[in-house]
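So the chains spell out like this:
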Amino acid sequence: MKPTLLILAAGMASRYGSMKQVQSFGPSGETIMDYSIYDAIQSGFKKIVFIIRKDFAEDFKNTFEPKWGKKVETAYVFQEMGSFLDGFQPPAERAKPWGTAHAVLCAKSAIQDPFAVINADDFYGRDAFEKAFQFLTTACNPKTYSIIGYDLSKTLSENGSVSRGVCEVDNHNNLVSIHERTKIYRNEEGKITYEENGKTFQVPDTSKVSMNFWCFDPAVFPFIEKIFKEFLAKSGHELKSEFFIPIIGDRFIHEGKGAIKIIPTASSWFGVTYKEDAPSVQESINKLVASGTYPGRLY
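## Here we look at the overall build of the chain
Part 1: Helices and strands together make up the secondary structure of the chain, namely seven helices and 13 strands.
Part 2: Rg of the C-alpha trace for the chain: 18 Å, near the compact-globule value of 19 Å for 299 residues, within the 12% margin.
Part 3: Counting only C-alpha atoms and orienting by the principal axes, one finds that the chain spans roughly 50 × 50 × 40 Å.
Part 4: Counting over 299 residues, the chain shows a buried share of 52%.

Printed below as a string of structure tokens:
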């Protein structure tokens, strides 16, 4: 078995304004993705699959293959607008890809073993990868998937609101539901709130949220394909509709296909939703290097 890490790197980075997947943050030019790959290898992952856009494939491969190609098996797949449409005709004006769940589906041919999914531009921490690897090699099966869960309070940005998948969890750490909350921020009173339909609601600091770190069995691919066809029939003619991974998780639970475990992690998350986040990300990484958590050069 080759536990696999699938890295979603095809995003257009619309809010950040640049190709943040290849921006340097570490002392020797490391990207955030480099730290995820390093942590994954250290935790036992044997294969890395990158989801990228075809238009920057050559530059992307030239950046990452010399660093990691000899240390772990790698594969590259493209998220393209026409993949898995099965005859559906999208609006001619649509330019944006179909979303994260479609990106996962595009990796179907490259993955044969239990796999984890992460974002390219999020820093997840070693503990998260170790727990994901343990789950994939001991508990993952066609009826049991998982999410690495972070405390909401540890995933906010000081530079603007964020969107988070807030998880409702039962007493057995099973996911009951996941709700995509947009415009989450800490208000002037220090309370975490989100906005919806012109109203504001409070959320406990310790609420578990999904940062798109999922663990799946390959049996999920036919299920994603089925749900994607339904999504296209219902929302495919909308110019900005998106097919998110939480849609898959929610349907998997509510159709009785199995359970999704919430695995809490002690790791701290940080990321670059906004350009203003970059200095704090760089500072956080420098502190981890200074503490000896990471070497001064990863590769």
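## Observations regarding helix H7 (residues 278-290)
Part 1: The end-to-end C-alpha distance of H7, which contains 13 residues, comes to 18 Å, matching closely the 18 Å that a straight helix rising 1.5 Å per residue would cover.
Part 2: Residues Ala278, Val281, Ile285 and Val289 constitute the buried set of H7. One side of H7 carries all its buried residues, which in axial view fall inside an arc of 75 degrees. Turned more than 90 degrees away from the buried face of H7, the exposed residues are Pro279, Lys287 and Ala290.
Part 3: Two residues or fewer after H7 comes Gly292, characterised by a positive phi angle close to 90 degrees.

## As for unusual backbone geometry
Part 1: A positive phi angle, near 65 degrees, is found at Phe84, a position not held by glycine.
Part 2: With respect to the helices and strands, the residue Phe84 is situated in the loop between strand E3 (73-78) and helix H3 (100-106).
Part 3: Look at Phe84 and you get partly exposed, because its relative accessible area is 27%.

## Things to note about the side chain of Ser146
Part 1: Structurally, the position occupied by Ser146 is in strand E6 (residues 144-151).
Part 2: Ser146 sits in the buried class, given a relative accessible area of 0%.

## Overview of the environment of Trp269
Part 1: By the element assignment, Trp269 lies in the loop between strand E12 (259-264) and strand E13 (270-271).
Part 2: In sequence terms Trp269 and Met211 are 58 residues apart; their C-alpha atoms lie 8.5 Å from each other.
Part 3: Side chain to side chain, Trp269 and Asp122 meet in a polar contact 3.5 Å long.

## What to know about the side chain of Asn174
Part 1: By the secondary structure assignment, Asn174 is in the loop between strand E7 (162-169) and strand E8 (175-186).
Part 2: Of the residues examined, Asn174 reaches a relative accessible area of 16% and is grouped as buried.
Part 3: Filtering out sequence-adjacent residues up to four positions away, Asn174 remains in contact with Glu168, Val169, Ala259, Ile260 and Lys261.

## Digging into the confidence of the model for the chain
Part 1: Summarising the model, the chain shows a mean pLDDT of 91, and 96% of its residues fall at 70 or more.
Part 2: Scored below 50 in pLDDT, residues 12-17 makes 16 contacts in the model with residues more than four places away or belonging to other chains.

## Digging into the packing of aromatic side chains
Part 1: Across all of its chains, the model carries 30 aromatic pairs by this definition.
Part 2: Among the aromatic side chains, those forming a connected cluster through ring pairs are Phe115, Tyr145, Trp214, Phe216, Phe221, Phe223 and Phe252.
Part 3: A cation over a ring is seen here: Lys67 above Phe64, with NZ or CZ 4.5 Å from the ring centre.
Part 4: We note Arg164 situated over the ring of Trp269; from NZ or CZ to the ring centre the distance is 4.8 Å.

## Focus on the packing of helix H1 (residues 32-43) against helix H2 (residues 57-68)
To describe two helices that pack against each other, one gives the angle between their axes and the distance between the axes.
Part 1: Interhelical geometry of H1 versus H2 gives an angle of 35 degrees and a closest axis separation of 12 Å. Note on packing geometry: the crossing formed by H1 with H2 is right-handed. The segment H1 lies against H2, with Met33, Asp34, Ile37, Tyr38 and Ile41 engaging Phe60, Phe64, Lys67 and Trp68.

## Here's the deal with the state of the cysteines
Part 1: Under the counting rule described, the total for this entry stands at zero disulfides.
Part 2: Unpaired in this structure, Cys140 has its nearest cysteine sulfur neighbour in Cys215, at a distance of 6.8 Å.

## Description of the pattern of salt bridges
Part 1: Per the stated rule, a full pass over the model turns up 18 salt bridges.
Part 2: Residue Lys67 is joined to Asp34 by a salt bridge in which the shortest nitrogen-to-oxygen separation is 2.8 Å. Placement of the pair is Lys67 in helix H2 and Asp34 in helix H1, with a sequence separation of 33 residues. Across this residue pair, the class does not change: Lys67 and Asp34 are buried.
Part 3: Residue Lys226 pairs with Glu230 through a salt bridge whose shortest N-O separation is 3.1 Å. On the criterion of helical spacing, the pair formed by Lys226 and Glu230 is a turn pair, its members being four residues apart in helix H5 (residues 220-235).
Part 4: Since its relative accessible area comes to 38%, Lys226 is described here as partly exposed.
Part 5: Judged by its relative accessible area of 34%, Glu230 is partly exposed.

Parameters at a glance
- Residues numbered from 1 in each chain as written.
- Predicted model: local features only at pLDDT ≥ 70, side-chain atom pairs only at ≥ 80, totals over all residues.
- Heavy atoms only, no water.
- Helix = DSSP H or I, 4+ residues; strand = E, 2+ residues; numbered from the N terminus.
- Rg over C-alpha atoms; globule rule 2.2 N^0.38 Å.
- Buried < 20%, exposed > 50% of the residue type's maximum accessible area, 1.4 Å probe, protein only.
- Expected span 1.5 Å × (residues − 1).
- Arc of directions from axis to C-beta.
- Polar contact = N/O pair within 3.5 Å; in protein donor to acceptor, adjacent residues only side chain to side chain.
- Contact = heavy atoms within 4.5 Å.
- pLDDT = per-residue confidence, 0-100.
- Phe/Tyr/Trp six-rings, centres within 6.5 Å; stacked < 30°, edge-to-face > 60°.
- Lys NZ or Arg CZ within 6 Å of the ring centre and 35° of its normal.
- Axes fitted to C-alpha atoms, helices over the stretch in contact; angles between N-to-C directions.
- Left-handed = near helix turned anticlockwise from the far one by under 90°.
- Disulfide = S-S within 2.5 Å.
- Salt bridge = Lys/Arg side-chain N within 4 Å of Asp/Glu carboxyl O.

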